[in-house]
Amino acid sequence: MLGIRHIRFDSMTYVLHYVNGQIKREGRGLAFFYFSPNSSIMAIPMGSNDLPFIFSEPTFDYQMVSIQGQVSYKIANPKLLADVLDFVVNHKGEYKKNDIENLNQRIINEAQTSIASLIHEMKLKQAIRSAKIIEAKIIDVLKVSPLIKMLGIDILGVNILAVSATPEMSRALETETREQLQQEADHAIYERRNFAVEQERRIKESELNTEILVEEKLKQIADKKMQSQFEQAENDRKLKEIELAAEIAIENQRAQLIEQKAANNRKEADSKSYVNEMLLKPYKEMDWKVLMALSREGSPGLNIALAFRELAERADTIGQLNITPDLLQSILQQNNEGFHRGHGH
């Protein structure tokens, strides 16, 4: 029959078959015959889509940054989307208009709008390092966007692949970063040297403190030795004082003994003197001649000597006295014999 056609769709395509403006059939993966003069068929892809994007925005310090990434989405409500965009296909299943590009552009515009204010508040360096923040911002805005809800799609995710400055600014930032890294390296070298110097100072300080402690210990030892010597000297002095006191006591006792002995000797001498005086008192008035004559130890020679002395005393009354050598010899001989007998010879 003229005008009757057959069409088939895969399972990832949601089909809406309109006849005279009314939905006759709908569903995924349909295959059917239709009368083309009064039929209109819409085919909406149901699979997920990765929509790449790249756009530029100025930062707070008037530098342009390029944001490159992609939005992953899928069509959740094809009938709602069919009311907004045109997905009509011909008898070959080809789209009469390319409204899928309009859908993608609307999503990109919504994503760009969502982060424009965020980028405008950031400085260049901050924006370059804020990929994760930008991702979270786009996701939050797209999930609650009225336009996205009106299109009947679900946002699966957003990935920011790069946030970069212009080539000139990138080179400038590289130079600045290189200089900063060099400064940080120089600072690190300075810190290491300073740390080494500080460590050496601490070691020296520790050594000096150790020497001070050693000196203090040596001083304490010297003081202790001096104190010990002083105590020893004090003990020696006290010992000598005790010894001297003992010697003085002994000498005092000895002096007392000597005085006592002297007193005793004086008393004994006085006693002997008294005895002798009493014994000699009867002889005190005697003539010494009588005493000599009474002496037991009188010798003939002594008697002769006394006789000669008596003669000498009376020489003025003696006229003449002859003493011959024989007489003297006889007297001397008698005297010697008497001497030898007195000594036991």
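Relevant structure appears above.
Residues numbered from 1 in each chain as written. Predicted model: local features only at pLDDT ≥ 70, side-chain atom pairs only at ≥ 80, totals over all residues. Heavy atoms only, no water.

**Student:** Could you clarify how one ought to interpret the layout of surface pockets in this entry?
**Tutor:** Where empty space is left in the structure can be found by rolling a water-sized probe over the atoms. One number sums up the size of the largest pocket: a volume of about 170 Å³. If you list the elements that add at least two residues to the lining of the largest pocket, you get helix 3 (124–128) and helix 6 (167–280). When residues of the lining of the largest pocket are assigned to their parent elements, the largest contribution, six residues, is made by helix 6. (1 Å grid on protein atoms, 1.4 Å probe; cavity = no way out; pocket = protein on both sides within 12 Å on 5 of 7 lines; lining within 4 Å. Points joined across faces, edges and corners; volume = space filled by probe spheres on them. Helix = DSSP H or I, 4+ residues; strand = E, 2+ residues; numbered from the N terminus.)

**Student:** Whenever I open this one, the packing of aromatic side chains confuses me. Can you help?
**Tutor:** Aromatic rings considered in pairs are described by the distance between their centres and by the relative angle of their planes. Counting across every chain of the model gives three aromatic pairs. An angle of 65° between the planes, with centres 6.1 Å apart, marks the rings of Phe32 and Tyr34 as edge-to-face. Here Phe32 and Tyr34 have matching classes, each one buried. Relative to Tyr95, the ring of Phe87 has its centre 6.0 Å away and its plane inclined at 75°; by these criteria the two rings are edge-to-face. With a relative accessible area of 1%, Phe87 lands in the buried category. The positively charged end of Arg25 is found above the aromatic ring belonging to Phe32, 4.5 Å away from the centroid. (Phe/Tyr/Trp six-rings, centres within 6.5 Å; stacked < 30°, edge-to-face > 60°. Buried < 20%, exposed > 50% of the residue type's maximum accessible area, 1.4 Å probe, protein only. Lys NZ or Arg CZ within 6 Å of the ring centre and 35° of its normal.)

**Student:** What am I meant to see in the pattern of salt bridges here?
**Tutor:** When charged atoms on two side chains of opposite charge get close, those side chains can pair. All told, the structure shown has eight salt bridges when counted by the stated rule. The closest approach of N and O atoms between Glu198 and Arg201, which form a salt bridge, is 2.4 Å. You can see Glu198 and its partner Arg201 sitting in helix 6, three residues apart, about one turn around the helix. Given the relative accessible area of 40%, Arg201 is considered partly exposed. (Salt bridge = Lys/Arg side-chain N within 4 Å of Asp/Glu carboxyl O.)

**Student:** Would you mind showing me how to read a nonpolar patch on the surface here?
**Tutor:** Taken together, the side chains of Tyr274, Val275, Met278 and Leu279 make up a nonpolar region of the molecular surface, amounting to roughly 390 Å² of accessible area. With respect to the secondary-structure elements, Leu279 resides in helix 6. (Patch = residues over 30% accessible without salt bridge, like charges linked within 9 Å, V, L, I, M, F, W, Y side chains within 5 Å. Areas by Shrake-Rupley, 256 points an atom, 1.4 Å probe, with all protein chains shown as cover.)

**Student:** When you look at the pairing of strand 5 (residues 39–45) in this model, what are you seeing that I'm missing?
**Tutor:** Where burial is concerned, most of strand 5 is hidden: five out of the seven residues are buried. As judged from the seven bridges shared by strand 2 (residues 13–19) and strand 5, these two strands associate in the antiparallel manner. For Tyr14, the partnering residue across the bridge sits in strand 5 and is Ile44. Here strand 5 pairs with strand 8 (residues 88–89) via two bridges, running antiparallel. From the neighbouring strand, Met42 faces strand 8, where its bridge partner is Val88. (Pairing = 2+ DSSP bridges.)

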